[in-house]
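Letter by letter, the chains look like this.
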Amino acid sequence: MTDATANSPALPDRKHSGSLMEHTARTRRRNNAEKRFRAYGLAAIGIGLAALIVLLVSILSQGLPAFSQTFVTMKVYLDPAKLDKSGTRDIEQIKKVSTFGYAPLIRAAMQETMTANGIDPEKFGLSEKAAEEMISKEGAAQLRNFVIAHPDQIGQTVEFKFLADSRIDGYFKGRVSMASAKLDSNVSPAQLQLADALKKAGVLKVGFNWGFITNPDASENRPEAAGIGVAIIGSLYMMIIVLCLALPIGVAASIYLEEFAPQNWFTDLIEVNISNLAAVPSIVFGILGLAIFINWAGLPQSAPIVGGLVLTLMTLPTIIISTRASLKSVPPSIRDAALGVGASKMQSVFHHVLPLAMPGILTGTIIGLAQALGETAPLMLIGMVAFVREFPAAPPEGFFDPASALPVQVYNWTQRADPAFTERASGAIIVLLIFLLSMNFLAIILRRRFERRW
Amino acid sequence: MPVLWIVLAVLGLGLIGYFVGRSRALGSAGGDIRQLHSLPSYYGWNAFMFTVVPSLIVLALWLLFAPTLIENRIAATLPQATLEQSGSTSLLMSEVRRAADALDLAVQQGTMDDAFSRNLRAEFTDVTGRLKATGSIITQDVTQPVLRAAQQYRVMSSTSNLIMSVLVVVLAVVGLIYALLRTNRDFRARNTVEIGIKSILILASSIAILTTLGIVLSMLFETANFFDQYPWQSFFFGTKWAPDFRGNSALGMLPLLWGTLYISTVALLVAVPIGLFAAIYLSEYAGPRLRAVAKPMIEILAGIPTIVYGLFALITVGPFLRDAIASPLGLGNNTNSVMTAGLVMGVMLIPFVSSLSDDIINAVPQSMRDGSFGLGATQSETIRQVVLPAALPGVVGAILLAASRAIGETMIVVMGAGAAAAQMDQGLGAIINPFQAMTTVTVKIVSQLTGDTDFASPETLVAFALGLTLFVITLGLNVLALIIVRKYREQYE
C-alpha cells in the first residue's frame, strides 16, 4: 500500500508529471483559487464588522453632545411691580402673568450680568432683545414656574441656571460656526462673540445635561429643552405590561405544547401559527392594534396599554420558542423520577421541570423584552407619534394616559427641521442602546450563572 | 370603580372558599390526611376555582357585550328625524354617551340631584350650559331627543350594572356552595383542579391562533370596505399612486410594490454574498478564537433596533451617498434614496443570512467533506462543489426568510427611502435610478394611518389593503422557506 503510493509519481503515463514539491500550473491555480476564496470570506466578515463599527461610531459621535448642555447662570430680580401688581401675593393674580411677562426680567438680568462681569454689550452691537434671545425661550417658563411655586420669593434676587438657546449651545459643540451663523436668521455672529465673552467670564458654562434624561419633549423651536423623560416612562410602562402578560401566557402555552399537547390537527395549527407570527412584519401588528384595540375595543390612542398589548403579541412567539427549548433541555429522567414517586403529570411539570427550566425561560424573556423595547413601527400606528408633554400618571391609571416611547421619540425628532433635534435623536438612541446592552448583558449573566448542563 | 369592587368581592369569596374547602376536606377525613384522595390544598383550590372562574367569565362577557346591547336599544328608540339630522347613528350615539356622562358628573358634583337629572327637559332648562359647567366636553347643544336618550341610557346602564353585580356575586356564592357540597374525602379534587389548569394552558396556547385570526379578520374587514369604495382592479394593477384626501385619488399599488421589491433586491444583493461568505468562513475556516469574537460581533447587528439603522441611513449613509456618488454623477441630490435604504437594510440582514446559513452549513455531515478531501479536492473546492450544493435548499430558505424580512421592514425605509412613489408613467429611466427617493408599501401604510385619519375614506382604508397584501406576500415567503428548510432537514437527520 505504502509502496504503491510512493511509486505512483514515477509512473510514466501520468498526465501531470513532476514532483510534489514543485507546483504545476494547475496546482498553483487551484491554490490561488483557495486563497481568493478565503480572502472573500475574511472580507465578508471584515465588511460586517466595519459596518457595525461605522454604525456605532456615527451614532455615538452624533449623539454624545446631547448629554452636555450650555447653561447660563444669572441672578434675576423678581420684580414685584411686574409679577404682582396688586401687591397681595394672591396666587391667582400671579398666575395671570403669562410667560411673556417674565421675559423683561430675563432681559434686565442679562444686562445686569454683563455689566457686573465687565462686558460692554455696546461693543458687540447687540440690542437688549438680541442678548436676551441667547437664553432659551424655556427660561421664562422656568421663571414663571418658580414664582408660582414660591410666591414669597417675589421681590428677592434669586440665582437661576437657564438653558442657553440651542444655537449658542450648538456653537460650543461645534454644530454652529461663525460662518453658518451669518446665514442663520436665528443667531448672529455678534451673539456668538458675546457668548464667548460670557464663557470667559464664567457666566456661561457647559455641564452634564440631566434635563435631557428627565424632561418631557419640547416644541419645535426650543430643542435645548427637549428630553426623553416621558418616552422613558412610556417605554417602561409598556415593558411592565409586556412582562406581566407575555411571560405567564408564553410559559403556559409552552408548557401545554411541550408537555401535554397530543399529536393532532389543533396542536399543528397552534405550532404553525406561532412560527408564522414570529415572522410577520411588525407593522402588521400595528394594524392589528389599531383595528382591534383602538377602533373595536375603544382603548385610548397613544396609551401604553395599547402599545403593551401589541408588543405582547409580538413578543409571545419569541418567549414561547425559547421556553420550549429550555423545557426540552430538562432531561426526561427528572419527569420519570417525579412520576415514579407518585406525582401527577401536572405536579411533575410544575414542581420539577418548570423550576429547572426557569433560567432559560428568563433569558428568553429578557431577549424578547429587548426586542420589544426597540420596536417602532407598530407603535407609530397606534398614535404614539403624538406630541406628549405631560408625564403619565402612576400605574394603573397611567397605563391609559398618553405617552411616548423611546424609539418613537427618536423618529419624531428626526422629522423636525432643526439639526439640534438630530443630535437629540442620536442621544436618545444611545440611551436606548445602553438599555438594550444592559438587558442582553443580564441575559448572558443569567445564562452563565444558572444554566445547567445535564 | 364598581367593577374593581366586584372583582375584589369575588376574589374574597374565593379565598374564603379555599380555606373552608380545605378544612372541610380535612374534617371529613377526621384530620387524617391519608384518608383524603388529594392533598388538602387541592380541595381548597377546587373551591376557589368554582367560585372565581364562572363568575369572572360572566363579568367579562357582560362588560364586553352589555354596552353594545344598550346602545342598540337606545338607538332604536331615537326618532328618525334626529338620526337623519346628525348623519350617522354612531355619531349620535357618542353624543348621547357624552351627555349621559355629563349628567353623571353633574350628579356626582352635586349640581343636580338624581331625580332632577332624570326629569330634566331641554325645553325648560339650559341643559347644555349646566352640563358644560361640570367641565364635561359637550360639542353640540343638547337637544331634547338626545337628552331623553341620554337619560334612558343612564337608567339602562345603571340597571344593567346592578343586574351584573348581583348576578356575578350570586354566581360566585353558588359556585362556592356547590364546590363545598362536593368536598368530601373521596372527591377527586386534584383531577378537577388539574383539568382547570390544563384548560388555562390550552387557552394560553390558542392566543397565537386568535392573534392570527385577529390580524386576518381586521384587515379583511377593512379591505372589503376599501374595495366597496375603490375598484380592486385599479388597486392591484394601477400604475399611479397619488392619494388626495379631497377625493379622486389614484391608489394603484404597483409603484409601491416596485419600490418595495427594488429596495429589497438591493438589500439582498448586499446581505446574501456578505452573509453567506461570512458564514462559510466562520464555519469552515475560522479558528475557535476568531469564531468566538466575530460571530457574536456580527450577531450584535441583529440585536440593534431598526430605528437605529433608520437614523444611520438618515444622518450618515444618505448624505454620504449623495455627496460621494449621486451628486457628482448627476444621478440626483436626494439623501433619501433606494440605495441608502437598500444598503442599510442589507447591513441589517447580514446577521440574519449568516447565522441561518451557518447552522445549515454546520448540519452538512462531516463525512461528505471527508469524502471530498479524500478525492484530493481543496477546501474551497469541497465547499463550492460539495457543502454548498448539499446546503443549498437550506440556504435558499434562509434567503427567502431574509427577503420576507426586507419586504416587511418599515423604519429603515420610512427614514431612508423617502415618500415619493415611483412614477411608473414616466418611463423606465424614472424608476430604475437607484439614487432617487422611492417609497414602499410599508411607508405608505404608516403615512396613511398616522395623524388624523378618517376610517370611512378610501385614502385611509387603502392602508389595510396594503397591509393585507404585505401579510400575504410575507406569509407566502415564510411558508415556502419553512417547507424548503424542513424538507432539507429530513435528508440528514
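Residues numbered from 1 in each chain as written. Chains lettered and ligands numbered in written order. Predicted model: local features only at pLDDT ≥ 70, side-chain atom pairs only at ≥ 80, totals over all residues.

## A look at the overall build of chain B
Consideration 1: Per the secondary structure count, chain B includes 19 helices and two strands.
Consideration 2: For 493 residues, the compact-globule formula gives about 23 Å, and the C-alpha radius of gyration of chain B, at 33 Å, lies well above that figure.
Consideration 3: Once the C-alpha set of chain B is aligned to its principal axes, its extents read approximately 90 × 75 × 40 Å.
Consideration 4: Classification of the 493 residues of chain B by burial places 44% in the buried group. (Helix = DSSP H or I, 4+ residues; strand = E, 2+ residues; numbered from the N terminus. Rg over C-alpha atoms; globule rule 2.2 N^0.38 Å. Buried ≥ 20, exposed ≤ 12 C-beta atoms within 10 Å, placed from the backbone.)

## What to know about the overall build of chain A
Consideration 1: A tally of helices and strands in chain A yields 21 helices and three strands.
Consideration 2: For 454 residues, the compact-globule estimate of 2.2 N^0.38 gives 22 Å, and chain A exceeds it by more than 25% at 33 Å.
Consideration 3: For chain A, the spread of C-alpha atoms along the three principal axes comes to 110 × 75 × 40 Å.
Consideration 4: Counting every position in chain A, which comprises 454 residues, the buried fraction comes to 43%.
Consideration 5: For chain A, long-range pairs separated by at least 24 residues make up 78% of all intrachain contacts whose partners lie at least 6 apart in sequence. (Contact = placed C-beta atoms within 7 Å.)

## Remarks on the nonpolar core
Consideration 1: Judged by nonpolar contacts, the single largest core of 189 residues is most densely connected at B:Leu311, B:Val344, B:Val353 and B:Ala402.
Consideration 2: With near-sequence residues (within four places) excluded, B:Val344 lies in contact with B:Tyr309, B:Phe312, B:Ala313, B:Val317, B:Ile412 and B:Gly416. (Core = buried A, V, L, I, M, F, W, Y, C linked by C-beta atoms within 7 Å.)

## Description of the domain arrangement of chain B
Consideration 1: According to the domain assignment, chain B consists of domain 1 (2–187) and domain 2 (237–492).
Consideration 2: Computed over C-alpha atoms, the centres of domain 1 of chain B and domain 2 of chain B are 51 Å apart. (Domains from an automatic or database assignment.)

## A closer look at the confidence of the model for chain A
Close inspection of predicted coordinates is inappropriate for parts of the model with low pLDDT.
All names here are of chain A.
Consideration 1: When pLDDT is averaged along chain A, the result is 85, and 96% of the positions lie at 70 or above.
Consideration 2: Within chain A, the lowest mean pLDDT, 47, falls on helix α1 (residues 2–7), and the highest, 94, falls on helix α17 (residues 332–340).
Consideration 3: Contacts for the low-pLDDT stretch residues 1–12, under 50 throughout, to residues beyond four places or in other chains number one contact. (pLDDT = per-residue confidence, 0-100.)

## Some words on the interface of chain A and chain B
Consideration 1: With 67 residues of chain A at the contact, the number on the chain B side is 66 residues.
Consideration 2: A total of 19 residues in the side of chain A that touches chain B trace back to one element, the largest contributor, which is helix α2 (residues 25–63) of chain A.

## Structural notes on the domain arrangement of chain A
Residue and element names in this part refer to chain A.
Consideration 1: Taken domain by domain, chain A comprises domain 1 (67–217) and domain 2 (229–450).
Consideration 2: A C-alpha centroid distance of 44 Å is found between domain 1 and domain 2.
Consideration 3: Opposite the ten residues of domain 1 that make contact, domain 2 presents 13 residues.
Consideration 4: Listing elements by their share of the side of domain 1 that touches domain 2, those giving two or more residues are α9 (166–173) and α12 (210–214).
Consideration 5: Examining the composition of the side of domain 1 that touches domain 2, we find that three residues originate from one element, α12, more than from any other.
Consideration 6: Residues belonging to the side of domain 1 that touches domain 2 are distributed by class as follows: four nonpolar, four polar and two charged. (Nonpolar A, V, L, I, M, F, W, Y, C, P; charged D, E, K, R; others polar.)

## As for the sheet that holds strand β1 (residues 68–77) of chain A
Residues and elements named next belong to chain A.
Consideration 1: Overall, antiparallel pairing links the three strands, which are arranged β2-β1-β3 in an open sheet. Edge strands, defined here as strands with exactly one partner in the open sheet, are β2 (157–163) and β3 (204–208). Going from strand to strand, the sheet's axes swing by 35° on average, the running direction of each strand aside.
Consideration 2: Bridge analysis of β1 against β2 gives seven bridges, and the strand direction is antiparallel. Bridge pairing in β2 links Tyr 77 to Thr 157. (Pairing = 2+ DSSP bridges. Axes fitted to C-alpha atoms, helices over the stretch in contact; angles between N-to-C directions.)

## Comments concerning unusual backbone geometry
Consideration 1: One non-glycine residue, A:Ser302, lies in the positive phi region at around 50°.
Consideration 2: In this structure, A:Ser302 sits in the loop between α15 (282–296) and α16 (304–328).

## Some details on the environment of A:Leu379
All names here are of chain A.
Consideration 1: You can see Leu 379 is positioned in helix α19 (residues 377–381).
Consideration 2: In this structure, the C-alpha to C-alpha distance between Leu 379 and Val 306, residues 73 residues apart in sequence, is 8.7 Å.
Consideration 3: In this structure Leu 379 touches Gly 307, Met 384, Ala 405 and Val 408, once residues within four positions along its chain are discounted.

## What to know about the packing of helix α14 (residues 265–277) of chain A against helix α8 (residues 189–229) of chain B
Consideration 1: Two numbers describe how α14(A) lies on α8(B): the axes approach to 9 Å, and their chain directions differ by 60°. Put simply, α14(A) runs oblique to α8(B). Considering the relative orientation of α14(A) and α8(B), their crossing is left-handed. Contacts between α14(A) and α8(B) involve A:Leu269, A:Ile270, A:Asn273, A:Ile274, A:Asn276 and A:Leu277 from the former and B:Ser205, B:Ser206, B:Ala208, B:Ile209, B:Thr211 and B:Thr212 from the latter.
Consideration 2: For the contact of α14(A) with α8(B), the per-class residue count stands at six nonpolar, six polar and no charged. (Parallel < 35°, antiparallel > 145°, perpendicular 65-115°, else oblique. Left-handed = near helix turned anticlockwise from the far one by under 90°.)

## Observations concerning the environment of B:Leu468
All names here are of chain B.
Consideration 1: Here Leu 468 lies in helix α19 (residues 458–492).
Consideration 2: Here the alpha-carbon distance between Leu 468 and Ser 218, two residues 250 residues apart in the chain, equals 9.5 Å.
Consideration 3: Each residue touching Leu 468, except ones within four places of it in the same chain, is listed here: Met 219, Leu 220 and Thr 223.

## Considering the packing of helix α11 (residues 288–303) of chain B against helix α13 (residues 338–363) of chain B
Packed helix pairs are characterised by how far apart their axes lie and by the angle those axes make with each other.
Residues and elements named next belong to chain B.
Consideration 1: In the contact formed by α11 and α13, the axes pass within 8 Å of each other and the chain directions differ by 125°. Comparing their axes, α13 and α11 come out oblique. Along this stretch, α11 crosses α13, giving a crossing that reads as left-handed. Residues Ile 298, Glu 299, Leu 301 and Ala 302 of α11 form the contact with α13, whose own contacting residues are Val 347, Met 348, Ile 350, Pro 351, Phe 352, Ser 354 and Ser 355.
Consideration 2: Counted by class, the contact of α11 with α13 contains eight nonpolar, two polar and one charged residues.

## Overview of helix α11 (residues 189–201) of chain A
All names here are of chain A.
Consideration 1: An ideal rise of 1.5 Å per residue puts 18 Å on 13 residues; α11 measures up with 18 Å between its terminal C-alpha atoms.
Consideration 2: Of all the positions in α11, only Gln 191, Leu 192, Leu 194, Ala 195 and Leu 198 are classed as buried. Here the buried residues of α11 occupy an arc of 160° about the axis, which is enough to place them on one side.
Consideration 3: Along its buried surface, α11 packs onto α6 (121–124), α7 (128–132), α9, α10 (178–183) and β3.
Consideration 4: Positive backbone phi, at 85°, marks Gly 202, one or two positions downstream of α11. (Expected span 1.5 Å × (residues − 1). Arc of directions from axis to C-beta.)

## Remarks on the confidence of the model for chain B
Consideration 1: For chain B, per-residue confidence averages 85 on the pLDDT scale, and residues scoring 70 or more make up 92% of the total.
Consideration 2: We note a pTM of 0.86 for the whole complex and an ipTM of 0.88 for its interfaces.

## A few points about the environment of A:Asn273
Consideration 1: Relative to the helices and strands, A:Asn273 resides in helix α14.
Consideration 2: Accessibility expressed as a C-beta count within 10 Å gives 20 for A:Asn273, which makes it buried.
Consideration 3: Along the chain, A:Asn273 and A:Pro317 lie 44 residues apart, while their C-alpha atoms are 9.2 Å from each other.
Consideration 4: Ignoring anything within four residues of it in the chain, the contact list for A:Asn273 reads B:Ala208, B:Ile209 and B:Thr212.

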